Amino acid sequence: MIAQIIPLVRLPRKFAHFDYLIAEGITLSVGDVVNIQFKHCETLGVVRGISKSTEQSKLSKVDRIAFKQLLTADDILRLEKIAGQIVQSPSSIFLATLNGIEQKMQQTTLVAGTQLGKIDAQTAGTIKLALQTLAKHDLCFETSLEGAIATVYSLCSRKNQQILILVPRERDAEIFSSYIPNQHAVLHGKTKQSQRRWILENWQSGKLQILIGTRQASLLPASNIGTIIIYDPDCPDHANSMRNPRFDARASSELLAKQHDAHRLFLGPLSRVEELGVNKIKSTIPPCQLVDLGNQMERTNSLLISDLLQKAIKEALQNKKSVLLSYNAKGVAKRLQCKACGHIPLCGTCGAQPHVRSGDLVCPVCKTEMWIPQICPACSKKTLGMKGIGNKKLATDLQKMFPQAHIGIIDKEHRYSSNASIILVTEFYFQSSYKPFPIDRFGLIAEICIDKSLGTDYLSSMTTAQRLYRILHMASVHKAKVIVQTWVPEIIKPMLDAEKFLKSESELRKAYQLPPFTDQFEIKEKADENIKVITCKHKDRDQLLKKLTSLPNTTTIKPTLSSYETQSSDNSE
Ligand SMILES: [Zn+2]
Ligand SMILES: [Zn+2]
């Protein structure tokens, strides 16, 4: 008999599996991991099928089983499907899945969290409702980090099936881990190889019941998953865009959920377009005061601190409350803005904020190209230019306004701000520094310029809306006032109605044939600087994949697929 084997080595995309002759006296099953000789090296391989005949002329023998049925036939189908969709050899996905299996066994890697957090009765009630819904359907629960932790906590305390918690970053995994008192394991980039093997075997056998992990955790064979939680579903770190295999844990979790008949729970500040049809429950959020920075009535001595914000800061400080000001001055797109009136020219076709290129503008949504205007369309002055105020300048302005206040900056370079009554933070704070269930609550949370994250690509408006809702949910936890400032209220204001925004965002993407209504593949030749983007309809994906598979391995293919299901209905028609 012949065994079809996927070697656990990195192979070019055109290779699938290899045939081996099964030695006399041993019985192999699909899903066994075996010791094989591959290209004169000893390695491991996964038996993906058994057949009677082969077209290969020279056959090596397989005579040793390393692990009996580590994978089921369904696991193999699932992993092969992912490999096919991201145009990689199955070997690369199987290698990523079984990473650590060749290591010596370690005793246990179980941990249990010891941190305690408190939520209010209203949030507790919403969580209860969310878990009832989740028992029957997939669910998007729009909530704060604290709400997410409390939901996972409640779910873990009443589990009777395996629970998988997928998080975008290592730090998120550690935070969730520290609040879950039930025994669980954590799997991320810094997990030791020997621990990976323990997790792999015990998750597969069902001895491990709760697993918190980053991307790789979405691939592992499991015993019986009841719920898959996807935390911060809009975070791009759920997908591996840097190196192969470039899979997206959100899409692979869909296949895993189907295989186990499990429900998925999306926990984040705002639902995505991808989950438009999924049931939704929201935590309550405080009202948001939106300030138009272009409004002359709001002018103060500082361009970025409106009269309303200045008064609110003063009030908070008088009440002995600290103030959180979010201002993302780093890593944001260049933008064209009038130095005199603050006007930002928008795309005349679809209304999005254009992306600034070297000599012109291009709309990231509808692809309209625009000249850079000579004069400001709003005030007719010749003052249109690239604009940027750093957070140090902003801190100086604030200090002048509030001479008594201690102003602290938290960003990649400045992490410490004890005693500061006004804390000026960048995106870094939310991703790497914020501690949930705060003891010292903020009295005021403000976004200095929410539109900073616009103008990068078609995802910019969703990214901006996610950030907007993140501070709204955070303000709810802190019982703080919220002020959001913007130069483009015409773009930001509609975001405050979450359902409407999601619907219009979805219509816009459909109209301009953007994901998730189409599939995109970024293609980059090794020697070439340029990236070519191929867009195709869902129904044409299979055909395109066939063509892409024949591309040489030196060509990088970066897929944007919201689902790995091949026969998905084509919504763009
Ligand atoms: Zn446009
Ligand atoms: Zn102007």
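What you see is a predicted model; the values in this text were computed from it and never measured.

Draft legend 1. Quick look at the overall build of the protein chain. Scanning the protein chain from N- to C-terminus turns up 14 helices and 27 strands. At 26 Å, the protein chain has a C-alpha radius of gyration in line with the 25 Å of a compact globule built from 573 residues. Considering only C-alpha atoms, the protein chain reaches an extent of 85 × 55 × 40 Å along its principal axes. With 573 residues in all, the protein chain has 55% of them scored as buried. Sequence separation of at least 24 residues holds for 73% of the intrachain contacts in the protein chain that already meet a minimum separation of 6. On the protein chain, roughly 26,300 Å² of surface is accessible, and the fraction owed to carbon and sulfur atoms is 50%. Measuring between centres, the 74 positive side-chain charges of the protein chain sit 4 Å from its 55 negative side-chain charges.

Draft legend 2. Summary view of the coordination of the zinc ion (ligand 2). In this structure, Cys 338 (SG), Cys 341 (SG), Cys 376 (SG) and Cys 379 (SG) serve as the protein donors to the zinc ion (ligand 2), at separations of 2.3 Å. Because the angles between the four donor atoms bound to the zinc ion (ligand 2) fall within 107 to 114°, the donor set is best described as tetrahedral. In the primary sequence, the donor residues of the zinc ion (ligand 2) line up as C-x2-C-x34-C-x2-C. With a gap of 41 residues between them, Cys 338 in strand E16 (residues 336–338) and Cys 379 in the loop between strand E19 (369–371) and strand E20 (384–386) connect regions that are remote in the sequence. According to the relative accessible area criterion, Cys 379 is partly exposed, its value standing at 26%.

Draft legend 3. Up close: the environment of Ile 50. Relative to the assigned elements, Ile 50 resides in strand E4 (residues 41–51). When the C-alpha atoms of Ile 50 and Leu 28 are compared, they prove to be 8.0 Å apart, with 22 residues separating the residues in sequence. Excluding residues that lie within four positions of it along the chain, Ile 50 makes contacts with Met 1, Ile 2, Ile 22, Leu 28 and Val 30.

Draft legend 4. Fine view of unusual backbone geometry. For the peptide bond that leads from Asn 244 to Pro 245, omega is -5°, which places it in the cis range. Inspection of the secondary structure assignment puts Pro 245 in the loop between strand E11 (225–231) and helix H7 (249–260). At the junction of Pro 515 and Pro 516, the peptide bond is cis and its omega measures out at 10° in the coordinates. Tracing the backbone through its elements, the reader meets Pro 516 in the loop between helix H13 (498–511) and strand E25 (519–524). Phi angles above zero are rare outside glycine, and Val 87 is one such case at about 55°. Structurally, Val 87 can be placed in the loop between helix H1 (73–85) and helix H2 (90–97). Overall, Val 87 belongs to the buried group, its relative accessible area being 2%.

Draft legend 5. Structural context of the coordination of the zinc ion (ligand 1). Looking at the zinc ion (ligand 1), the protein donor atoms are Cys 347 (SG), Cys 350 (SG), Cys 363 (SG) and Cys 366 (SG), and they sit 2.2 to 2.3 Å from it. The motif formed by the donor residues of the zinc ion (ligand 1), counted along the single chain, is C-x2-C-x12-C-x2-C. One end of the pair, Cys 350, is in the loop between E16 and strand E17 (355–356); the other, Cys 363, is in the loop between strand E18 (360–362) and E19, with 13 residues separating them in the sequence.

Draft legend 6. Spatial organisation of the domain arrangement of the protein chain. We note that the domain assignment places domain 1 (2–71), domain 2 (121–282) and domain 3 (289–507) within the protein chain. Placing the centre of domain 1 and that of domain 2 at their C-alpha centroids yields a distance of 33 Å. At the interface, five residues of domain 1 touch six residues of domain 2. Looking at the side of domain 1 facing domain 2, the largest losses of area belong to Arg 10, Phe 67 and Leu 70, adding up to 77% of the total buried there. Counting across the domain 1 and domain 2 interface gives zero salt bridges. Split into classes, the residues belonging to the side of domain 1 that touches domain 2 amount to three nonpolar, one polar and one charged.

Draft legend 7. Representation of the side chain of Thr 464 within the structure. By the secondary structure assignment, Thr 464 is in helix H11 (residues 460–478). Apart from residues no more than four positions distant in its own chain, Thr 464 is found in contact with Ile 450, Ser 453, Leu 454, Ile 492 and Met 495.

Draft legend 8. Representation of the packing of helix H4 (residues 145–157) against helix H5 (residues 170–179). Running from N to C, H4 and H5 point in directions that differ by 55°, and their axes come no closer than 10 Å. Comparing their axes, H5 and H4 come out oblique. The chirality of how H4 crosses H5 is right-handed. Here Leu 145, Ala 148, Ile 149, Val 152 and Tyr 153 of H4 lie close against H5, whose contacting residues are Ile 175, Phe 176 and Tyr 179. When grouped by side-chain class, the residues that make up the contact of H4 with H5 number eight nonpolar, no polar and no charged.

Draft legend 9. Representation of the sheet that holds E25 within the structure. Ordered by their spatial adjacency, three strands build an open sheet running E26-E25-E27, and the pairing between neighbours is antiparallel. Unpaired on one side and paired on the other, strand E26 (532–536) and strand E27 (556–560) mark the two borders of the sheet. Taken pair by pair, the neighbouring strands of this sheet meet at an average axis angle of 20°, ignoring direction. Bridge analysis of E25 against E27 gives five bridges, and the strand direction is antiparallel. When the sheet's bridge partners are listed, Lys 524 is paired in E27 with Thr 556. Across the sheet, helix H14 (residues 541–549) is in contact with E25, E26 and E27; its angle to E25 comes to roughly 15°.

Draft legend 10. Structural view of the pattern of salt bridges. The full count for this structure, using the stated rule, is 29 salt bridges. In this structure, Arg 335 engages Asp 451 in a salt bridge whose closest nitrogen and oxygen atoms are separated by 3.0 Å. In this pair, Arg 335 sits in the loop between strand E15 (322–326) and E16 while Asp 451 sits in the loop between strand E23 (442–447) and H11, placing the two residues 116 residues apart along the sequence. Of the two residues, Arg 335 and Asp 451, both sit in the buried class. We note a salt bridge from Glu 505 to Arg 509, for which the minimum N-O separation is 3.5 Å. Here Glu 505 and its partner Arg 509 are both found in helix H13, four residues apart, which amounts to about one turn of the helix.

Draft legend 11. Fine view of the nonpolar core. With 93 residues, the main nonpolar core has Ile 165 and Leu 325 as its most contacted residues. For this core, the element with the most residues is H11, which contributes eight residues. Residue contributions to this core reach at least three from each of two domains, namely domain 2 (121–282) and domain 3 (289–507). The contact partners of Leu 325, leaving out residues within four places of it in the chain, are Leu 309, Ile 313, Leu 398, Ile 422, Ile 423, Leu 424, Val 425, Ala 446 and Ile 448.

Quick notes on the rules
Residues numbered from 1 in each chain as written. Chains lettered and ligands numbered in written order. Predicted model: local features only at pLDDT ≥ 70, side-chain atom pairs only at ≥ 80, totals over all residues. Heavy atoms only, no water. Helix = DSSP H or I, 4+ residues; strand = E, 2+ residues; numbered from the N terminus. Rg over C-alpha atoms; globule rule 2.2 N^0.38 Å. Buried < 20%, exposed > 50% of the residue type's maximum accessible area, 1.4 Å probe, protein only. Contact = heavy atoms within 4.5 Å. Areas by Shrake-Rupley, 256 points an atom, 1.4 Å probe, with all protein chains shown as cover. Lys, Arg positive; Asp, Glu negative; His and termini not counted. Charge placed at Lys NZ, Arg CZ, Asp CG, Glu CD. Donors = N, O, S within 2.8 Å, 3.2 Å for Na, K, Ca; no water. Tetrahedral: all angles 85-135°; square planar, octahedral: opposite > 155°, others 65-115°. Domains from an automatic or database assignment. Buried area = accessible area lost by both parts, 1.4 Å probe. Salt bridge = Lys/Arg side-chain N within 4 Å of Asp/Glu carboxyl O. Nonpolar A, V, L, I, M, F, W, Y, C, P; charged D, E, K, R; others polar. Axes fitted to C-alpha atoms, helices over the stretch in contact; angles between N-to-C directions. Parallel < 35°, antiparallel > 145°, perpendicular 65-115°, else oblique. Left-handed = near helix turned anticlockwise from the far one by under 90°. Pairing = 2+ DSSP bridges. Core = buried A, V, L, I, M, F, W, Y, C linked by side-chain atoms within 4.5 Å.

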